[in-house]
Amino acid sequence: MARNRGNGSPDTTASPRQKFPWFWVVFPFTCFSAATAFSMTFLPPLSLAGPRRYADYLEPDPFTIANALSTIFIIATVLGAGLSIWAWRARRI
């Protein structure tokens, strides 16, 4: 059933099926992953064992879970930014 515009003629611009608002699903996750990737990459981890020097955290350790998670969050941020831009431009907001 077509909606009325108020002047008696049907509204032909209204689609019977609404598009899913992907922007509002993807954008919050993108912000979260960007903040997490930033904190895991650039900020030193908190230590509950007492004061430590910042240089202790700069030693290369490529096989830690934190480095793997940091890489995953960076990739998720890039993908989420691309999907957010796509959803915004496709008017899926």
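Model, not experiment: these values are computed from the prediction. (Residues numbered from 1 in each chain as written. Predicted model: local features only at pLDDT ≥ 70, side-chain atom pairs only at ≥ 80, totals over all residues. Heavy atoms only, no water.)

Peer 1: Where do I start with the overall build of the chain in this structure?
Peer 2: On a plain count of helices and strands, the chain comes out with two helices and zero strands. The buried share of the chain, taken over its 93 residues, is 14%. When the accessible surface of the chain is split by element, carbon and sulfur atoms take 67% of a total near 8,000 Å². (Helix = DSSP H or I, 4+ residues; strand = E, 2+ residues; numbered from the N terminus. Buried < 20%, exposed > 50% of the residue type's maximum accessible area, 1.4 Å probe, protein only. Areas by Shrake-Rupley, 256 points an atom, 1.4 Å probe, with all protein chains shown as cover.)

Peer 1: What's the story with helix α1 (residues 23–42) in this structure? I'm lost.
Peer 2: Look at α1: 28 Å from first C-alpha to last across 20 residues, which is about the 28 Å you get at 1.5 Å a residue. Those residues of α1 that fall on the buried side of the exposure criterion are Phe23, Val26, Thr30, Ser33, Thr36 and Ala37. Where α1 is buried, its residues contact α2 (65–89). (Expected span 1.5 Å × (residues − 1). Contact = heavy atoms within 4.5 Å.)

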